[in-house]
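Coordinate inspection notes
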Amino acid sequence: MKQRPPHSITSRTSSITNSFAQAILPRTSIDKDQIAKVLAILEIEADALECAYCGATAVHWDHLNPFVRNKRPTGFLNEASNLVPACGPCNTSKGAQPWEVWMFGKARHSPASRGITDIEERAARIRKLEFEVSLVAHDFENFVSPQLWADYWKRLEEIEGLLKRAQLEAEKIRRQIMDGLAKS
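Below: a short report on this structure. (Residues numbered from 1 in each chain as written. Predicted model: local features only at pLDDT ≥ 70, side-chain atom pairs only at ≥ 80, totals over all residues. Heavy atoms only, no water.)

1. Concerning the layout of surface pockets
Of the pockets and cavities examined, the largest pocket occupies roughly 260 Å³. Lining the largest pocket are 13 residues, and of these Asp62, His63, Pro66, Asn91 and Gly95 lie nearest its centre. Of all the elements in the fold, those that place two or more residues in the lining of the largest pocket are helix H1 (13–24), strand S1 (60–63) and helix H3 (88–94). Residue composition of the lining of the largest pocket, grouped by class: five nonpolar, six polar and two charged. The space that makes up the second largest pocket amounts to roughly 180 Å³. Counting only elements with at least two residues in the lining of the second largest pocket, the list comes to H1, strand S2 (68–69) and helix H6 (146–183). For the lining of the second largest pocket, the element with the most residues is H1, which contributes four residues. For the lining of the second largest pocket, a count of residues per class yields two nonpolar, five polar and four charged. (1 Å grid on protein atoms, 1.4 Å probe; cavity = no way out; pocket = protein on both sides within 12 Å on 5 of 7 lines; lining within 4 Å. Points joined across faces, edges and corners; volume = space filled by probe spheres on them. Helix = DSSP H or I, 4+ residues; strand = E, 2+ residues; numbered from the N terminus. Nonpolar A, V, L, I, M, F, W, Y, C, P; charged D, E, K, R; others polar.)

2. Quick word on the environment of Arg114
Its location among the elements puts Arg114 in the loop between helix H4 (99–103) and helix H5 (119–133). Here Arg114 falls in the partly exposed class, since its relative accessible area comes to 33%. As for Arg114 and Ser29, which are separated by 85 residues in sequence, their C-alpha atoms are 34 Å apart. Setting aside residues up to four positions removed in sequence, Arg114 forms contacts with Cys54, Cys87, Cys90 and His109. (Buried < 20%, exposed > 50% of the residue type's maximum accessible area, 1.4 Å probe, protein only. Contact = heavy atoms within 4.5 Å.)

Pasting the structure below:
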């Protein structure tokens, strides 16, 4: 059995970045009729949800276009027209990548890397979905005063800096604890 490396405080920065982006997004309710429309376009049965990317049993709803990329909001919302059913491996593998680049790329657990045979048909249905629901990225920055926007993202940078500092201190503390344990 492999021993896990020590936990890193800085390994949580992506969660904090996502929280910063999601905190400013408007709250949207997921419309059941819109979900039904999405599933119909994707040719997926509501009572037997399968992954839109590979066909495995779906256990998540994945944002086709992610909320965050490069530490900033992408302009897409949490709305039914931006959600597709996904299996665990596809959902975690895709991350914030553009779905089509990821789907046909070599990422671990991407449909192409797993040899999914009907990948072209699945991609065509997803393209059809994007066309029919007219997904639009909004330029959130244009809705907010420039100073408030800049200050908000500066807070994220400050928090990331504090996390890095705390990680350095944690490493020193861990070494001192290990030394103390060795002496006792």
